[in-house]
Each structure stands twice: as C-alpha cells, then as structure tokens.
Amino acid sequence: MVYETGNRTVDDAVRRVLDGVRLDRTDGLALLAQPVEALAVGADLVRRHFSDGTVDACSIVNAKAGNCAEDCGFCAQSAHFDTGIDTYGFLDPEEILEAANRAEADGAQRFGIVVAEKGVSKTARPDEWADVIRAIRLVRDETAVAVDASLGILTREEANDLAAEGVNHYNHNIETSRRYFPEIIGTHTFEDRLHTLHRAKEAGMDLCAGVILGMGESPTDRVDAAIELQEIGISSLPVNVLNPIDGTPLGERDRAAISTTELIKTIAVYRFLHPTARVRLTGGREVALEQGDQHLPFEAGADGILTGDYLTTTGQTPGDDLEIIQRAGLEPNRSVNDFDPAAVTARHETAESDPEPAVSTTPTESGE
C-alpha cells in the first residue's frame, strides 16, 4: 500500500501503525497538531488497511427514560434538571422487540437496549432485571441483529449474566478525560465507569465505550480519553458531539465547543490510536456538521454510525445515513443483517412524503 501523504509526522505514524506499533499519547498530540488534509488521508489509509471497507450501523432503544439520579451535565434524563422530556419505566420487552425489528429492517447490524439510570440492579429491582433479560432473549432469538446493552454500572454477577445471555457489546461511555470528568459529572467517578468496563470485558463481552466532544474539554483531553480507552481495550468507539439541551448545565451553549475541522481531526487521531476498532459517529453529528459535511468523518477514518433516533432526540433517517456512507465511497456492513440498502432508502423516502409520522426506533423525540 502506498501511504505517503507528504506530511512527515503523519506518514511516520501510518508506517508504524501498519507495522503493528501502538501509538501513545505523544503521538496522538503530535498528530492532532497536523493539517486536517494530511491527517484525514493518513487515517483513511489506516482504516483501509485494517477494516473490511464497510460502515457498521447500530441502533438503540431508550428502554427506560428520565428520573435518573445521576447529574451528568449534558443529559436530558437527569432528575437534577428540568428538561421537560417524557419519562417512563422499563418498556415491555415486546415493545423493545418491535424497536429491534424496525432497526433490523433499517439495516442495523446491532441493536442496543439502553436505560437512563446509574445501573439496573439485579438485587434492588429483580422484576426490572427479569424484564431486561427477557428483552435480551427476545431480540437475540427473534432477530438477526446482534444484541448490545447499556445498563449503567454493573456488578460482576450482572456482567456474567449478560454475557451468558449472549450480549455482544456492553456500552458504557467514559464521556471525556479523567481530568475533565469531574467538571461534567459529580455523582459518580471516572473510576466507577472503568470498573464496569473491566467487569464487562472479564465476563466476555466486547466493549463499546466512547466520548462526547464539545463539552468544554481541551484538545489534550480528547487525546487523553482515547488513550484511556486504549488501555481498556475496546472494539467500538462511539464519538458523540454535544447537542446542548435546555435545562441542563451545558444547555446554555448555542452549540458544541468544537469546530468541523477539530471534529474531523479528532476522528482521524482516534483511528490512529484505535486502528482495529469501529470508530463510530453517533449522537449530535447532525447538529455539529452541516448536511454537506457529514461524509467527511468517514473519509478521515470513521467506519461506524448510530442510525435512526437517539435517546431523547430525533436523528436522521437510515436512508439519509446510507446516502452519507455512499458519498464517502464506502459500503454499509451487511455481515450480520444482509439487508437491501435500496429498499431502506425507498421506504424512508415514502415515509418522509407521508403526512403520518414514521414510527421511531426510540419511544420519545424530545430532549437529549
């Protein structure tokens, strides 16, 4: 493979990564200082070397919304803030299966069951835990998609139970660097999150753990977060961009504190630091990026996407996301769910022209 970009720092990093060297914090900071054009080309070379040339799509359901006791400053679902979102307890497992069926029809390869709370407790709320397990089994047994979970902080027993039920990835974002974390969250610690990630991995689940960019962190914090994830060992790195929500501490901002160029450079550096992981563009991308720029992260190393709606905000249609993937010169992943991209696009074009609202993957469309 020819990998010269004309930038010595980038070219050296590409060569070393392709030779199997794990880059460190110094490398990450040096790369982040390079021009975006050379950095994007270098990251794309790394992606092409290690990946299968596809963009992997996941989808989620907000299985339990609001009234969360944690004080995460970006989150519409915290009981500490008045954001006006709809709140509800854990959904009926059959409703979760319906959401998974919609995600499968829309081309998702994996489907995440997400709750808004510090942790689903097997001992404190056994009935809720039983519903979680039933929902996992339904999605596992009645769809083709891989079932993922994001249930907050886990005990070892809970992690072992989820792994035994076939949960593919456990999602638990670290959100930002160890240094900046206390500026955003006060009711639990950075170490609490790391403990859960280690327990999930020890139980046998793959890890999906990432960040939210644009919360006021420094560029160095962005690199430090990626290095922390490097030490843990993840297979999916979701990159969210802050979507300021009225009522939250970060809701007073007009937009995320990160430019398009900074976002693309950060994505590229994450590809260098995590050459074999799915670097996944997730929530907030529609707010942070102009419509005509949304393909650019996929030309700078990204190879994953969260499609459909988010936890409390609407996203783009899967048809729109397929168009972005195509614009970047890539193909959707169909290794788990061998769907027809043309049918997905046609279905959503029809839904957009229909005066009746399309059914959402997530049960609520306001807030975070």
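Our subject is the structure listed above.
A brief structural summary.

Procedures and definitions
Numbering of residues starts from 1 in every chain and runs along the sequence as written. Under the rules for a predicted model, residues below a pLDDT of 70 receive no local features and side-chain atom pairs below 80 are neither given nor counted, while totals for whole chains, interfaces and linings still include all residues. Values reported for side chains reflect all heavy atoms of the structure, with hydrogen atoms and water molecules removed beforehand. Numbered from the N terminus, helices here are DSSP runs of H or I no shorter than four residues, and strands are runs of E no shorter than two. Think of it in three bands: residues with accessible area under 20% of the maximum for their type are buried, residues over 50% are exposed, and the middle band is partly exposed, with areas taken using a 1.4 Å probe on protein chains only. By definition in these notes, contact holds between two residues if any of their heavy atoms fall within 4.5 Å. Between N or O atoms, a polar contact is any pair within 3.5 Å; within protein, one atom must be a potential hydrogen donor and the other a potential acceptor, and residues adjacent in sequence are included only when both atoms are from side chains. Note on definitions: salt bridges are taken to be side-chain nitrogens of Lys or Arg within 4 Å of carboxyl oxygens of Asp or Glu. A pocket, in this scheme, is an open set of points on a 1 Å grid over the protein atoms alone with protein on both sides within 12 Å along at least 5 of 7 lines, while a cavity is a set where a 1.4 Å probe fits but cannot get out; residues line either one if an atom lies within 4 Å of a point. Grid points are joined across faces, edges and corners, and a volume is the space filled by probe spheres set on the points. Given a helix with a known number of residues, its expected span is that number minus one, times 1.5 Å. A pair of cysteine sulfur atoms is labelled a disulfide when the two atoms are within 2.5 Å. Two strands are counted as paired when DSSP detects at least two bridges linking them. The path from the first strand over the helix to the second decides the hand: if it runs clockwise while the strands point away from the viewer, the crossover is right-handed. Under this scheme, a helix contributes an axis fitted over its contacting stretch, all axes are lines through C-alpha atoms, and angles between N-to-C directions fall in the 0 to 180 degree range. Note on terminology: angles under 35 degrees are roughly parallel, angles over 145 are roughly antiparallel, angles of 65 to 115 are roughly perpendicular, and the others are oblique. Two helices crossing with the near one rotated counterclockwise from the far one by less than a right angle form a left-handed crossing, whereas a clockwise rotation gives a right-handed crossing. Gly is placed with the polar residues, together with every amino acid not listed as nonpolar (Ala, Val, Leu, Ile, Met, Phe, Trp, Tyr, Cys and Pro) or charged (Asp, Glu, Lys and Arg).

Let us now look at the environment of Thr307. Secondary-structure assignment places Thr307 in the loop between β9 (304-306) and α12 (318-327). Classification of Thr307 as buried rests on a relative accessible area of 5%. Spatially, the C-alpha atoms of Thr307 and Val139 are 18 Å apart, while their sequence positions differ by 168 residues. The contact partners of Thr307, leaving out residues within four places of it in the chain, are Ala57, Cys58, Ser59, Arg285, Thr317, Pro318 and Asp321. A polar contact of 2.6 Å, which involves the side chain of Thr307, links it to the side chain of Asp321.

The tally for this structure, following the rule as stated, stands at 32 salt bridges. Arg347 is the partner of Asp106 in a salt bridge, and the nearest nitrogen-oxygen pair spans 3.1 Å. Note that Asp106 is positioned in the loop between α4 (93-105) and β2 (110-115) and Arg347 in helix α13 (residues 341-353), a separation of 241 residues in sequence. What makes Arg347 partly exposed here is its relative accessible area of 37%. Because the salt bridges share partners, they merge into one network encompassing Asp12, Arg15, Arg16 and Asp27.

Tallying each qualifying case throughout the model produces two cavities of 30 Å³ or more. Counted as a void, the second largest cavity has a volume near 80 Å³. If you go around the second largest cavity, you meet 13 residues; those closest to its centre are Ala57, Asp106, Gly107, Leu322 and Ile325. Those elements that place two or more of their residues in the lining of the second largest cavity are β1 (54-64) and α12. Broken down by element, the residue count for the lining of the second largest cavity peaks at four residues, all from α12.

Take helix α9 (residues 219-232) next. With 14 residues, α9 extends 21 Å from end C-alpha to end C-alpha; this agrees with the ideal 20 Å at 1.5 Å per step. With respect to burial, α9 is a largely interior element, 10 of its 14 residues being buried. Considered for burial, the residues of α9 that qualify are Asp221, Arg222, Val223, Ala225, Ala226, Ile227, Glu228, Leu229, Gln230 and Ile232. Buried residues in α9 make contact with α2 (25-32), α8 (190-203), β5 (206-208), β6 (211-213), β7 (236-241) and α10 (260-273).

Counted under the stated rule, the structure contains zero disulfides. We note that Cys72 lacks a disulfide partner, and the nearest cysteine sulfur, in Cys75, lies 6.0 Å from it. Using a relative accessible area of 9% as the deciding quantity, one classes Cys72 as buried.

On to α10, then. Helix length check: α10, at 14 residues, gives a terminal C-alpha distance of 20 Å against a target of 20 Å (1.5 Å per residue), a fit within 8%. For α10, the buried fraction is high: 11 of the 14 residues fall into the buried class. Those residues of α10 that fall on the buried side of the exposure criterion are Leu263, Ile264, Lys265, Thr266, Ile267, Ala268, Val269, Tyr270, Arg271, Phe272 and Leu273.

So, on to the pairing of strand β3 (residues 146-150). With respect to burial, β3 is a largely interior element, five of its five residues being buried. Going residue by residue along β3, you find Ala146, Asp148 and Ser150 tucked away on one face and Val147 and Ala149 tucked away on the opposite face as well. Direction of pairing for β2 relative to β3: parallel, over a ladder of five bridges. Across the sheet, Val114 pairs through a bridge with Ser150, a residue of β3. A crossover links β2 with its parallel partner β3, the connecting element being helix α5 (residues 126-142), and its sense is right-handed.

Closest axis-to-axis distance for the helix α6 (residues 156-164)/α8 pair is 8 Å, and the angle between their directions is 45 degrees. What the angle tells us is that α6 and α8 run oblique. α6 and α8 meet at a crossing whose hand is right-handed. Counting all contacts with α6, which are made through Arg156, Ala159, Asn160 and Ala163, the residues of α8 involved are Arg199, Ala200, Glu202 and Ala203. Residue composition of the contact of α6 with α8, grouped by class: four nonpolar, one polar and three charged.

On to the side chain of His274, then. Here His274 is to be found in the loop between α10 and β8 (278-281). Those residues within four positions of His274 in sequence are excluded, and the remaining contacts are Ala226, Leu229, Gln230, Ile234, Leu237 and Val279.

Function cannot be inferred from these measures alone, as they are strictly geometric.
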